[in-house]
Structure formats: C-alpha cells, structure tokens
Amino acid sequence: MIELNNIGKAYGGKWAVKGLTFSVEEGELFGLLGPNGAGKTTTIRMMTGLFRPTEGRVVINGCDIMKEPIAVKSLTGYVPDNSFLYEKLTAVEFMSFLASLYKLDKTTALARTESLIEIFGLGDVKDNLIEGYSHGMRQRLLFASALINNPGALIIDEPFVGLDPYGVRLIKEILRDLCSRGVAIFLATHSLHLAEELCSRVGIIKQGSLIAIKEREEFAGAKGALEDIFIEVTS
Amino acid sequence: MTLFFPLFLSIKNSVTWKYILKKSLLLPFTLAFWFFIYWGAFKLLSFLNTIDIIGDMVSMSLLSIFLVSLLGFLLISNMINTISTFYMSKEIGMLMPLPVDKGDLSVMKMIETIFKSSWMVLSFLPPLFIAYGVVYNTGFFYYVLLPVMFLPFVLIPGGIGIFISHILIRIFPVKQTRNLLIATGSGLLLFIYLSLQSLATESQGNIDVIAGAVLLFDIHSPFLPSYWLKEVIVRILHGNRQDYLYPLLLFSSSAFALLLSFEGGKIFFSANIEKIVESDKNSEKRSLFNYPPTGMAIIWKDSKIFFRDAGQWSQLFIIASLIMIYVYNFKTIPVKALTDLTPYAGEIMIMLNVMMLGLIVTALSARFVFTSVSIEGRAFWIIKASPVKMRNFLFTKFIAGACPMTAVMVTVVVLTNEIIGPEGILKYFSIVTVIILCVSINGLALGLGAQMPKFKYENITDISISPGSLLFMLIAFFIVIITVSLQGWSLYLYKEALTTGQGLRIAEFMGIILCSVIIIMMNMTAFYLPLKKGLQKIEE
C-alpha cells in the first residue's frame, strides 16, 4: 500500500534523509522510531507531498506521489505533529471545508462529519471556534479530519502529543480498528512503549538513514525490549 | 530589563547585511517624503510670513491645530495598540505562566505600546519643524529643545490612552473595543478631511476666508498638553523669554500619565486577561451546517476567516472612507473651467482618474492579494496535504481578490465618469483600462506573493510592508504609469485627428496600434509570468 523506494532529501547539499526503503502493507501499522532530528518528519513530509524528494519514489496504492499527487492525496489521511489549524473556523466548518476539498457530496460530508465528531468526542465544542480549543481537542480534530475521506493509508506524526489518557486510549482503539479494516498506517513517534504496544513492525532511523527494521516477534516478548533494541542500534 | 532580552536578541539576530540592504531600499522613498513635507511646509510658512500680522497668527494657529490633532491621534493610536500589545499578543500566553512580576510585564508592554504608537508619526515630524525653524530663523537651541519637549508630549497621551484601554477592556469585549476604536479613528480622520476639503472649496482660494477658518479651528484650551508644547515652541520661534511653567507642566503630567498607566496595568491587566481567556472558551456558537460548494471551498473558508478576524475586516472601513474621499474630490474639481484652459481637459481628467485608480488597485492588492498566500500561515500544510491542485488554489485566490476589487473599481470609475462627463468612447475606454489593470495587477500581486510567501508572521500587515511587497508596488506603479502614458498619447492623436478633421496618418495609426500591443503584452506578462513562477514556488 505504502512504498518508499530509496528516497532522500537534501538541503543545500546536505542530506537530511538518504536511501530510505521500506513498505507498509494493507492492515499493517508500521512505526518509524528515531531520536530528535533523525529525519522522521522530513520522511513524512515527502510521503504526504509537502516536500519534493531529492531522489527516490514514494508510491501509495500504486500511484507515485510526484506524478499523481491528487490521486495519492485523495487516498491518504495525514495527522501532523503540529496543531496549526484555521483558528477562526469551527470544527464542523473545518471538517466540511476538507470534505469539499476531497470533493465529497454534501450528504456524505454531513454524515462523516457528524460521525467523526462524535467518535472523537468533540460534540460539545463542534460549533465553537478552533481558537478556543485545548491542545488535546486540536489533536482529536486533526485525527477526525484525517479520516474524512475514508483513507486507505494513514500517515501520522507523533500521534499522542497533548492527549489526555482518555484521548490516548481512544486513538489506540481507533488505530487498531482502522488496521482491522485494512488501512495501512505509518506512524512516526518517540514513544517506544506505544510503538511496542501498537506496531506490527518498526523501523529505526538515525541521521537520515534507516538502520534497522524489526518484526513484532523481535520486540513483543518482554516489556522494554523495544527500548533495549532502540538504545542498542542508535548508540 | 530581562523581559526585553528576547526583543533585543531577535533584533540582533535579524540585523544582517542582507536585512540592512533590503531595508535601505526604503530610504530613498523616506527621504523623498521628508523632502516633500519640508518643501510644502517651507513654501506655506514662507508665504504666510509675507502677510503682515495675520500671517504669523495663522502660522501659529496651524501649529496649534497640528499639535491638537497629533495629540488626538496619539491617544487613539495608543488605545488601539494597548489592546494589541497587552491583550492580543501571542507573547502574553507564554509570559503569563512564568514567574514574571506583573508590574514588570505591564511596564514592558507600556513601553512597547507607546513606541509602536508613536515612532512612525514622530519620524515624519522633523521636516515640518525644521521648516518652522528655517522660516523663523531660530538658533541651534530650538533643534535641541524640540526633541526634549516632544518626549513628555508623547508620553502623556501614551499613559492616558493605555489607562483608558485597560478600563474599556474591563467593561467591553476586547475585539469589539478595538473595532470601535478603529472605526472612531477612521471616522474622525474622514470628518477632518471632509471639513478641510469643504473649507477649501468654499473659500475658492480667498486667503482671508482660509485664515479666518484656521483661526476658528484653533483650540486654545490651556488644559491641553498641545497648548503647553505650542507655548514652548512659539516662544523659541519668536525669540521670547521662556515661561518655565509649560515645560514643567509637560514633564510633571507625563510622569503622572505614566504612573496612571502603571497603576492601571497593575490593577486591571491580570483580571482582564482572565476575562479574555474565559470568553475565548465560551466563544459564540455557530451551528448551521454550511457546506462549501466544490471548487469554492477555499473562497468560502477565506471569507469566513476574513469576516471573523476583526483586524482584517475593520480595514474595510478605512478603504471605504478613502474611496468616498476620492469620489468626493472629483465633485470639487471644476472640470468646466478647466475645459476653457485646454481642449484636452476631459481626456486629461479621464487618464488621471485611471492612473489614480490603478494606484489604488496597487495599494489594495499589496494589502489583500499579495498577502493571500501567506495568510494561510502555518496551516498551509492543510492545503498542501489535500487533493487540491496548486493551480486551482492560486486561481481561487485570484478570483477572491480580483472580482470584488474589479467590481469596486468599475463602480468608482462609472461614478467619477458621471461627474467628469466624458464622451461615449472615452467612458468605455476608461472602464476597459481599469479592468485590464485590475486583472494584471492582481495577478502580479498574487504571483509575487506566492513567490515570496511568509507563513510565520505576528501581524498580516507585516507582509504588506515587506521588501517583496515593495518590489510588487514598484513594478505595479511602473505598469500603471506606462499603460496610462501610452493610452494618453494614443488618445491625444485620436482627438487631434478628430479636431483637425484630417484623420489619422498611417504613422499615427501604426503608433496607436503599437501602443495598444505594448499595453496588452505588458499587462499579460505582468499577469502570467509572476503567477507561473509563484505556482512553481508553492508546488515545490
């Protein structure tokens, strides 16, 4: 479903990411782990079409993001690590704006907006301006908006930042549910215990290069196993 | 002082040679403007000096009116800026939870407010007062004393304005208060302008009528700081002995105003911030499901954000006032009398009108169209990650800017044409030209704005005064002036041929065709090329 083929990004001749190759299958939750500045966000930005790769290809559902960006974006949902939103819109307006960009018809847009807003627990504030939202509410709204187009692939950058324990549990359940429905999920995070709990495979990135890929069997046995692996390969 | 460290460090880190070079582009314009003010003031004061007795009285009354207006302007400006710096700044949210003394924070914001409210106005005062000094042949002491006396004069409306705003925010919602103040300020300016314009029309150049009106407008209240400053200045200009009461009043009142502002800050600031945070949480609910039509989503979103951001739509007041002034000005031009002076008066007026409208379109585009890509801000990722072609994104931005602006400009040109009363062909000619300029200048603004976007900004007006915006305005001015000049020359040939009855010669006919081709090519290039480059930039 998601395929990265030798992708790299250079800024002024210096490589931030180089030679990244891996794939995420349907129903799989792949975690990309790495220390700060390792290149996780750059990788995600290339996967979502925000950055143009200097080399290599990103293919989602058989479409190259650089050649068919609209087709790829129509199939993808993206949850960024920041919560920059349109402050002067309400949650409902923001969702309907996105639905219109994804060219959903009004009935579908209304149904999905209402359903996602309820699922993510934003019903009480759905008609308030986003400027009054807490960080956790914004994060929930970002997740809800990423699912407005019923995506086949979901790309998430640091999913649990600012969420309270209820929010974390909710997102974990939703991610598991999406996987069970065949959605390919790519997740970049610092949180090793969440990756350990959720991911079927993890990749470890350091200084822009993928230095290890571990299967669930390799880290699921003992608590803290993934942390040991991470420390070992990145030190 | 610790609170100023981020500001000092930001300035230190941003002042590079490149930055200085960029900013120095503004220097010739500033100097030209300074010279223009000096020259105008010098001519006027020199002329008044030639009139016995009444000339000096009028000069001093003009000074008095100017200082009263300045005092009022500084007061309103400080009140508006207090709301922005104390209550709407992003910095406050970061500083309030820190172990910062609220008194220190209040002092820091007080200095920031007074500086922001006064520096621009004060920077244009030197040429005016140098003109007074030169005409009245004052000594060196005048130029030393003046800045010293202006300091307390600026601090008085600063301290009082800040104090009043703290109280207003205690009573009224923050954004509505700011809108009300902006509307009041714009209304006052419009009133002053229309009063002066009306006086100029009614006086018909009669110096006695003008002098009488100036003396009538003068406010002699000894309770106003403008009166105290005027008394100090007048005594130096006339070489009279100084009365120390007035400097004393200026300095003691400024100290009192600062104390008032400081105490007001200590009493109201924290409580007001708590009130604002509460009101943000309970912001107005909007429950209708308005679904934006496909293809119009970006315009729908932009219009909602625009009309919910008081800082944006309140500027429409100022624009509407300026357009009213512009149309009103045409009513006062004696077109018929001018026709007696030159047979081309109608054509000249039409071309001047088109040129002025072109310049207005440029200014509006710099504010609303050049900034329209940057205004997406850090939320631009939403558009980039959505299945929207950047070409369509730019197109909707263009439609959103160009359509209303063209509609307004065509309305203005139709109205002004009604006043000037040109022949049929000239009427349509001016309308078509304005439409061409609206399209090309909007395209240019959007294209350059997309090439030089600034997604991280504190205030959107920062973008419209950026070097990129300045470059846009220079190019747009050039296009307007070339377009109007070539059209003016073509019209001249056409009118000449009609008047003589000999028809156009082949060379003249070819000249008109060539001018038309140049105008069309230039405007098409201004529209297309920057948009193409801008599209490439945002796609990358």
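Check the entry above for the structure.
All figures in this text were calculated on a predicted structure; none of them were measured in a lab. (Residues numbered from 1 in each chain as written. Chains lettered and ligands numbered in written order. Predicted model: local features only at pLDDT ≥ 70, side-chain atom pairs only at ≥ 80, totals over all residues. Heavy atoms only, no water.)

A. Quick peek at the sheet that holds strand E1 (residues 2-11) of chain A. Residue and element names in this part refer to chain A. Read from one edge of the open sheet, four strands run E2-E1-E4-E5, paired in antiparallel fashion. The sheet is open, and its two edges are formed by strand E2 (14-24) and strand E5 (63-64), each paired on a single side. Against the sheet, helix H1 (residues 40-47) contacts E1, E2 and strand E4 (55-60), and its axis sits at roughly 115 degrees relative to E1. (Pairing = 2+ DSSP bridges. Helix = DSSP H or I, 4+ residues; strand = E, 2+ residues; numbered from the N terminus. Contact = heavy atoms within 4.5 Å. Axes fitted to C-alpha atoms, helices over the stretch in contact; angles between N-to-C directions.)

B. Region of the structure containing the nonpolar core. Within the largest apolar cluster, 144 residues are counted, with the highest numbers of intra-cluster contacts made by Phe120(A), Leu175(A), Phe186(A) and Phe393(B). Per-element tally for this core: the top contributor is helix H20 (residues 424-451) of chain B, with 11 residues. The residues touching Leu175(A), leaving out its near neighbours within four places in the chain, are Leu29(A), Phe143(A), Leu154(A), Ile156(A), Phe160(A), Ile185(A), Leu187(A) and Leu198(A). Judged by nonpolar contacts, the second largest core, of 56 residues, contains Tyr87(B), Leu95(B), Tyr132(B) and Ile169(B). (Core = buried A, V, L, I, M, F, W, Y, C linked by side-chain atoms within 4.5 Å. Buried < 20%, exposed > 50% of the residue type's maximum accessible area, 1.4 Å probe, protein only.)

C. Spotlight on the interface of chain B and chain A. On the side of chain A, 40 residues touch chain B, which itself brings 36 residues to the contact. The tally of links between chain B and chain A comes to one salt bridge. Measuring nitrogen to oxygen at the nearest pair gives 3.7 Å for the salt bridge that ties Glu93(A) to Lys304(B). Secondary-structure elements contributing two or more residues to the side of chain B that touches chain A are helix H12 (245-281), helix H13 (297-308) and helix H18 (380-384) of chain B. At seven residues, the largest contribution of residues to the side of chain B that touches chain A is made by H13(B). (Salt bridge = Lys/Arg side-chain N within 4 Å of Asp/Glu carboxyl O.)

D. How the structure looks around the state of the cysteines. Residues and elements named next belong to chain A. A complete count under the given rule lists zero disulfides over all chains for this structure. There is no disulfide at Cys179, and the cysteine sulfur nearest it, in Cys199, is 8.8 Å away. Residue classification places Cys179 among the buried residues on the basis of a relative accessible area of 14%. (Disulfide = S-S within 2.5 Å.)

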